[in-house]
Structure formats: C-alpha cells, structure tokens
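An overview of the molecular structure
So the chains spell out like this:
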Amino acid sequence: MTTINKGANKFYVGENIQNPLAEITFVESGEERLVIDHTYVSSDLRGQGVAGQLVENVVLYAREEGKKILPLCPYAKEKIQKNEEYHDVLSK
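This text gives an overview of the structure that appears in the document. Per chain, residues are indexed from 1 in the order of the written sequence. Local features in this predicted model are restricted to residues whose pLDDT is 70 or higher, and side-chain atom pairs enter the listing and the counts only when it is 80 or higher, whereas totals over whole chains, interfaces and linings include all residues. Note that water and hydrogens are dropped before the side-chain values are worked out from all heavy atoms of the structure.

Points about helix 1 (residues 50–65)
Using the following cut-off: A helix here means a DSSP run of H or I that spans at least four residues, while a strand means a run of E at least two residues long, and both kinds are numbered starting from the N terminus. How far a helix is expected to stretch is found by multiplying one less than its residue total by 1.5 Å. Type-normalised accessible area, obtained with a 1.4 Å probe on protein chains alone, sets the label of each residue: buried when under 20%, exposed when over 50%, and partly exposed for intermediate values. For this analysis, residues touch if any pair of their heavy atoms sits within 4.5 Å.
In this model helix 1 runs 23 Å from its N-terminal to its C-terminal C-alpha over 16 residues, within 8% of the 22 Å that 1.5 Å per residue would give. Of all the positions in helix 1, only Val50, Ala51, Gly52, Gln53, Leu54, Val55, Val58, Val59, Tyr61 and Ala62 are classed as buried. Looking at the packing, one finds that the buried side of helix 1 touches strand 1 (5–7), strand 2 (10–13), strand 3 (22–29), strand 4 (33–41), strand 5 (68–71) and helix 2 (74–82). Directly after helix 1, the chain includes Gly66, whose backbone phi takes a positive value near 70°.

And the structure:
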C-alpha cells in the first residue's frame, strides 16, 4: 500500500510536494464542488493502482467535506463513472 499525503488542493505520493512521484490535483469551485483537473503517476509507480488510490482519497475527502466532484481529468472521470460506489459524490 502506497502512502498518500494530503497537500493544499492535492493528494500526492513521495517526500517532495513540489516534485511528487504521483499526484491528483483539484480546485474548489464554490462551496459544494471539487473539480479534479489533473492526475499524474510517475513511470516508477505505474501499474500499481496508485492513480486509483489517489481518486479514492479525493472521493473520501469530498464525502467528509460534503462536496460533489466534477472530474475534468479524463482518468478520474472514467474511474469515478465506472465505480458505482463513487456515484454519491459525482456532480450531476
């Protein structure tokens, strides 16, 4: 299991928040929405499910904060739409 860290408007993997091994970034849109705009996983971590863990962290964060997610990032959009457990936080 990879350790996922929380930063300002991002979750990331690695020691350096400025140069992470993997990250997912989002912006707050109004009071009730998080817009996922970027997902990145370094070649070292690809194929290990790290991007999926990053999406899951944003989903859990959105639930805690009572927010919906608008996934503009193609990866996050597909991952959230395919996983019915995440549909409660998907912005319509």
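Additional details are given in the paragraphs that follow.
Re the nonpolar core
For clarity, the cut-off: What is meant by a nonpolar core is a set of buried Ala, Val, Leu, Ile, Met, Phe, Trp, Tyr and Cys residues, joined one to another through side-chain atoms within 4.5 Å.
Core analysis: the largest hydrophobic core is formed by 25 residues, its most contacted members being Phe11, Ile36, Leu54, Val58, Ile69 and Ile80. Elements with a contribution of two residues or more to this core: strand 2, strand 3, strand 4, helix 1 and helix 2. Examining the composition of this core, we find that 8 residues originate from one element, helix 1, more than from any other.

What to know about the pairing of strand 3
Convention followed: When DSSP finds two or more bridges between two strands, those strands count as paired.
Here strand 2 runs beside strand 3; their pairing, made up of 4 bridges, is antiparallel. Its bridge partner lying in strand 3, Lys10 is registered against Thr25. Looking at chain direction, strand 3 and strand 4 are connected through 8 bridges and run antiparallel. Among the inter-strand pairings, Thr25 is bridged to a residue of strand 4, identified as His38. Turn length for the strand 3-strand 4 hairpin, with the two strands adjacent in sequence and antiparallel, is 3 residues, and the turn residue Gly30 shows positive phi of about 70°.

As for the sheet that holds strand 4
Cut-off, in case you're wondering: Under this scheme, a helix contributes an axis fitted over its contacting stretch, all axes are lines through C-alpha atoms, and angles between N-to-C directions fall in the 0 to 180 degree range.
On the basis of which strands lie adjacent, the open sheet formed by 5 strands has the order 1-2-3-4-5 and mixed pairing. Each edge of the open sheet is held by one strand with a lone partner, namely strand 1 and strand 5. Within this sheet the neighbouring strands show an average axis-to-axis angle of 30°, counted without direction. Across the face of the sheet, helix 1 comes into contact with strand 1, strand 2, strand 3, strand 4 and strand 5 while running at roughly 30° to strand 3.

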